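This is what each chain is made of:
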Amino acid sequence: MEENDQKYMQRALDEAREAERAGEVPVGAVVTLDGREIASGSNRTLRDCDPTAHAEIVALRAAARAVGNHRILGATLYVTIEPCAMCAGAIVQARLARLVYGADDPKGGAVRTVFAVLNDPRLNHSMEITSGVRAEECAALLQTFFASRRA
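These figures come from a predicted structure and were not determined experimentally.

**Re the overall build of the chain**
Link 1 in the chain: Scanning the chain from terminus to terminus reveals five helices and five strands.
Link 2 in the chain: Reading the secondary structure of the chain in the N-to-C direction produces α-β-β-α-α-β-α-β-β-α.
Link 3 in the chain: Here the C-alpha atoms of the chain give a radius of gyration of 14 Å, agreeing with the 15 Å that 2.2 N^0.38 yields for 151 residues.
Link 4 in the chain: With the principal axes as the frame, the chain shows a C-alpha extent of 45 × 35 × 30 Å.
Link 5 in the chain: Here the chain, with 151 residues, has 45% of them falling under the buried criterion.
Link 6 in the chain: A sequence separation of at least 24 residues applies to 57% of the contacts in the chain between residues at least 6 apart.
Link 7 in the chain: Element-wise, carbon and sulfur atoms account for 51% of the exposed surface of the chain, whose accessible area totals about 7500 Å².
Link 8 in the chain: Placing the 18 positive and 20 negative side-chain charges of the chain at their respective mean positions leaves the two points 4 Å apart.

Here is the structure:
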């Protein structure tokens, strides 16, 4: 785990809380490059009426605009939950150097729990993956959100 992992996961958690305040599933993401934040995002599927507006996609779109390229070479994505298959595909297409995520997603995770998209040897890109950064806090945020919806 790198020194900045805690710091940027906290930023991702801040983004997740912003999504929760807006009534969205609380997931947040931050993209860094050369040791500094270049973009962030939170879930916007309801606000944007867009099934692709997951936190990771929102952050990747902003990061691509920031660097002026659809490839975000050398970048790290921090996200509070293990990415789904759609987001994992976007991560590969963006050619990120590293993914750091908080909690595993046993129902839809596409990094290691349900699927292993990023580690598939048939892909022409691979990256470093760090999981479990502030996992308990990330999981608790989601659990509390969904428990309040069921109450």
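**Description of the side chain of Asp5**
Link 1 in the chain: Residue placement: Asp5 occurs in helix 1 (residues 5-21).
Link 2 in the chain: Since its relative accessible area comes to 0%, Asp5 is described here as buried.
Link 3 in the chain: Within the structure, Asp5 has its side chain in polar contact with the side chain of Tyr78 (distance 3.1 Å).
Link 4 in the chain: Setting aside chain neighbours within four positions, we find Asp5 in contact with Tyr78, Arg98, Val100, Thr130 and Val133.

Parameters and conventions
- Residues numbered from 1 in each chain as written.
- Predicted model: local features only at pLDDT ≥ 70, side-chain atom pairs only at ≥ 80, totals over all residues.
- Heavy atoms only, no water.
- Helix = DSSP H or I, 4+ residues; strand = E, 2+ residues; numbered from the N terminus.
- Rg over C-alpha atoms; globule rule 2.2 N^0.38 Å.
- Buried < 20%, exposed > 50% of the residue type's maximum accessible area, 1.4 Å probe, protein only.
- Contact = heavy atoms within 4.5 Å.
- Areas by Shrake-Rupley, 256 points an atom, 1.4 Å probe, with all protein chains shown as cover.
- Lys, Arg positive; Asp, Glu negative; His and termini not counted.
- Charge placed at Lys NZ, Arg CZ, Asp CG, Glu CD.
- Polar contact = N/O pair within 3.5 Å; in protein donor to acceptor, adjacent residues only side chain to side chain.

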